[in-house]
Amino acid sequence: MSFEDIELPEEDINEEGMEEGGEEEVAESAPSGKFDKLFGENSRKYKLSGMFREWYIDYSSYTVLYRAVPHLIDGLKPVQRRVLHAMWRMDDGSYTKVANIVGQAMQFHPHGDQSILGALVWLGQRNYLVDCQGNWGNILTGDSNAAPRYIEARLSKFGKEVVFNPKTTNWMTSYDGRNQEPVELPVKFPILLAQGTEGIGAGFASKILPHNFNEICDAAVAYLKNEEFSLYPDFQTGGSIDVSRYHDGDRTGRVRIRAKITKSDDNKTLTITEIPFGKTTPIIIESILKAVDNGKIKIRKVDDNTSDKVEILLQLAPGVSSDKTIDALYAFTDCEISITPCCCVIDNHTPVFLTVSDLLRRSVDSTKELLRLELQIRKGELLEQLHFASLESIFIEERIYKDKEFEQAPDMDTALAHIDLRLEPYKKNFVREITRDDLLRIIAESYFLKEDYAQAARYIASYTPEIMGREENYILGYSLYRMARYNDAVTPLKRVCGPEDALTQNAAYHLGDCYIKLGNKSLAADAFAQATATGEGYDEKIARDALLNQGRLKYELGGGVFNEATAVLQSYLDRYPGSPRESEVKQ
């Protein structure tokens, strides 16, 4: 449809898009919805310029806040945060196909697989948070990565240590309402300064240069000691930098970056071994050839031998000075470039401009607060463990569970009242008040230990739902699982399962078994994947069986996950050589 096809109103319309004197009439009859006025009776009275002004503000705000500019707290753009969250959810210590990671991240990111793949490759090439395997491209030559079905990734040890902690994470509902995703990740390191970033939104742009890891740590220590510090950029591609006008990374600053050029002994060959940040060897060579065509430089031949290190050989023409050629390369080619940093980040839903030092201080302060919060949470958990350990000890040592008043109680309230009466002399020694839920849990645990799962489920089901913790959900889920009520057991086990410790590992394993009984092999394989962690505090037998079950289920599913099954089963053979089921797995 062309603009000529649009029927325009015959009435005179003022600058606000309404008839003169008709403003009140339109206001009364216009629908109340945000966009309904465009389809209502008086929709023709609104100019396209008004629509553009209103809708463009919404669009530009979205691109700045939720796509292009990183967040101050964790230093990540939304797509990067969602990729890392998806990797954490599926992490079992083994490499995972990037195609699988992209598919999992699409549960949280609504903008397509290519944006997710690009963000993951970018994170992998920085070598901080993602451990890569396969051809991930080359930042020196600009070569692209292999197809996502051929390359693999997992979270690095550093990433798992400093980025994730579900207990200190703020959560929100994903775009489709099916999942929970982090508002920001509880990052305990200024990763934004280490990785750098670049993004362009509507009216705002961010270009934060990467910095040296050790220098960031030294600056953080200096800040904690109330000492002066300074930070300057450092690049994976090498080169030298002039920071005299860096201005602490402020948007008024500027840096000049030069390639590293060396001369051969006979002064007939120049070798470029380091290149400016943001450039690739083909771009450098193209700029050199263009300078040759323009008569700025006299070079006989250019050879590019770059692989994991830069090596561009420039054969000089006879009689040409190598020193003058180097000066000309810096003057007329991309061997020297100028970059203007722009330290723009999102803080409290607003784009703000800071300096590099400000970013470091805010990150260090955030890390201190996160560590304090983690210690408070841990202290609370230990006090709760002490509380229940004391309660269990008195309940067993005083043989309260053997009292006739308890065993023959006509109802639950009577049984709870008797236990509360018996505990009265000891209440002053507890770290907090004994609640009804405490008594329900202690009774449920006593039945749970006696393998009376029906009674255990009965008592724990009476627990206050809002404060049910991991232990309560596990008792309920496992009891229902042992009672063969697999469908009912799924919900409480899902609340607990994960890779954190032995309790969550057992919950994940039993959840996978429930899904098998319910005939859902795909969900069962995903659940078993969360039970494969090993090390101190984990159940090695559970981990071994879970890894085997995961590989077997993916093998039976076949199709697109057949390669994943091969990788999982190979991981089983590598982790458990000489296993009694080794021959079965190899087949």
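So, how was this worked out
- Residues numbered from 1 in each chain as written.
- Predicted model: local features only at pLDDT ≥ 70, side-chain atom pairs only at ≥ 80, totals over all residues.
- Heavy atoms only, no water.
- Pairing = 2+ DSSP bridges.
- Helix = DSSP H or I, 4+ residues; strand = E, 2+ residues; numbered from the N terminus.
- Axes fitted to C-alpha atoms, helices over the stretch in contact; angles between N-to-C directions.
- Contact = heavy atoms within 4.5 Å.
- Core = buried A, V, L, I, M, F, W, Y, C linked by side-chain atoms within 4.5 Å.
- Buried < 20%, exposed > 50% of the residue type's maximum accessible area, 1.4 Å probe, protein only.
- 1 Å grid on protein atoms, 1.4 Å probe; cavity = no way out; pocket = protein on both sides within 12 Å on 5 of 7 lines; lining within 4 Å.
- Points joined across faces, edges and corners; volume = space filled by probe spheres on them.
- Nonpolar A, V, L, I, M, F, W, Y, C, P; charged D, E, K, R; others polar.
- Phe/Tyr/Trp six-rings, centres within 6.5 Å; stacked < 30°, edge-to-face > 60°.
- Lys NZ or Arg CZ within 6 Å of the ring centre and 35° of its normal.
- pLDDT = per-residue confidence, 0-100.

### Regarding the sheet that holds strand β10 (residues 260-263)
Here is step 1: Ordered by their spatial adjacency, four strands build an open sheet running β10-β11-β13-β12, and the pairing between neighbours is antiparallel. One side of each edge strand has no neighbouring strand; the edge strands of this open sheet are β10 and β12 (299-304). Here the average twist between neighbouring strands, direction ignored, is 20°.
Here is step 2: With five bridges joining them, β12 and strand β13 (residues 312-316) adopt antiparallel strand pairing. The residue bridging D303 from the neighbouring strand is L313, located in β13.
Here is step 3: Along the sheet, helix α9 (residues 281-293) contacts β11 (269-274), β12 and β13; its crossing angle with β12, the most-contacted strand, is approximately 170°.
Here is step 4: Against the sheet, helix α10 (residues 322-332) makes contact with β10, β11, β12 and β13, and its axis sits at roughly 165° relative to β10, the strand it touches most.

### Thoughts on the nonpolar core
Inside soluble globular proteins, nonpolar side chains tend to come together where they are buried.
Here is step 1: Of all hydrophobic cores here, the largest spans 58 residues; its most connected members are L84, L359 and L360.
Here is step 2: Not counting the four nearest positions on each side in its chain, L360 is found in contact with P190, L193, I216, A219, A220, F229 and L231.

### Details of empty space enclosed by the protein
Here is step 1: With the rule as written, the count across this model stands at three cavities of 30 Å³ or more.
Here is step 2: What the largest cavity holds in volume is close to 70 Å³.
Here is step 3: Around the largest cavity, the lining residues are L72, I73, D74, G75, V187, F189, P190, I191, L192, L193, L359 and S363.
Here is step 4: Top element by residues in the lining of the largest cavity is helix α7 (residues 191-195). It accounts for three residues.
Here is step 5: Taken as a whole, the second largest cavity holds about 50 Å³ of empty space.
Here is step 6: Around the second largest cavity, the lining residues are H85, W88, F164, N165, P166, T169, W171, P182 and L185.
Here is step 7: Along the lines of polarity and charge, the residues of the lining of the second largest cavity split into six nonpolar, three polar and no charged.

### Quick look at the packing of aromatic side chains
What describes a pair of aromatic rings is the distance from one ring centre to the other and the angle between the planes of the rings.
Here is step 1: Evaluated as defined, the whole model comprises 19 aromatic pairs.
Here is step 2: Judged by centre distance (6.1 Å) and plane angle (25°), the ring pair of F204 and F353 falls under stacked. Residue F204 is located in the loop between β6 (197-200) and β7 (205-208), and its partner F353 is located in strand β16 (residues 350-353); the two are separated by 149 residues in the primary sequence.
Here is step 3: With relative accessibility at 30%, the residue F353 sits in the partly exposed group.
Here is step 4: Taken together, a centroid distance of 4.8 Å and an interplanar angle of 20° make the contact between F235 and F277 stacked. A residue pair is termed long-range when its members are at least 10 positions apart, and F235 in the loop between α8 (213-224) and β8 (240-242) and F277 in the loop between β11 and α9 qualify at 42 residues.
Here is step 5: Look at F235 and you get buried, because its relative accessible area is 10%.
Here is step 6: One aromatic cluster is present, formed by F448, Y453, Y474, Y478, Y481 and Y486 through successive ring pairs.
Here is step 7: One residue, R258, lies across the ring of Y330, its end atom 4.1 Å from the ring centre.

### Points about the confidence of the model for the protein chain
Here is step 1: Overall, the prediction assigns the protein chain a mean pLDDT of 85, with 88% of residues at 70 or greater.
Here is step 2: Per-residue pLDDT stays below 50 along residues 1-31; that stretch engages in 33 contacts with residues further than four places along the chain or on separate chains.

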